[in-house]
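# Results of the structural survey
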Amino acid sequence: MNNQSSKKIVDAQLEKLGTIQKVAPPAALFAHTMSKIAAIKKLYISLAWVRAAAVAFVLVVCAELIILANYNAPSDNKISQQEELESIMPTINYTLYND
């Protein structure tokens, strides 16, 4: 394809576009378009709610970390981990028939 043939093609298409007549839009077109935009905006979650959920999540995680840090902190009045495990899991007697 050379420059002259592509120029002729473009000119022919531009001539076709030049024959298009402008049409006045219907009166309710703007209101219809705006109502569709408003309906789409209702489907999205507000950024304020996303921030609130993120803050709540961070607070819950921080509370869990604080509770775990306090639970695992060594202190005099807490029983040792070995004693705690022994109290949770009873020892099993593996003898059969009192042998």
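### Examining the overall build of the chain
The number of helices and strands found in the chain is four helices and zero strands. From first element to last, N terminus to C terminus, the chain shows the α and β order α-α-α-α. Out of the 99 residues in the chain, the part that is buried amounts to 0%. With the model as given, the accessible surface of the chain reaches about 10,200 Å², and the carbon-plus-sulfur share is 66%.

### Brief notes about a nonpolar patch on the surface
Taken together, the side chains of Val10, Leu14, Leu17 and Ile20 present a nonpolar region at the surface, about 400 Å² in accessible area. Looking at the element boundaries, Ile20 is found in the loop between helix H1 (3-18) and helix H2 (29-43).

### Topic: the confidence of the model for the chain
On average, the chain scores 80 in pLDDT, and the residues at 70 or more come to 78%. Mean pLDDT values for the elements of the chain range from 68 in helix H4 (residues 81-88) up to 90 in helix H3 (residues 47-72).

Cut-offs used in this document
- Residues numbered from 1 in each chain as written.
- Predicted model: local features only at pLDDT ≥ 70, side-chain atom pairs only at ≥ 80, totals over all residues.
- Heavy atoms only, no water.
- Helix = DSSP H or I, 4+ residues; strand = E, 2+ residues; numbered from the N terminus.
- Buried < 20%, exposed > 50% of the residue type's maximum accessible area, 1.4 Å probe, protein only.
- Areas by Shrake-Rupley, 256 points an atom, 1.4 Å probe, with all protein chains shown as cover.
- Patch = residues over 30% accessible without salt bridge, like charges linked within 9 Å, V, L, I, M, F, W, Y side chains within 5 Å.
- Salt bridge = Lys/Arg side-chain N within 4 Å of Asp/Glu carboxyl O.
- pLDDT = per-residue confidence, 0-100.

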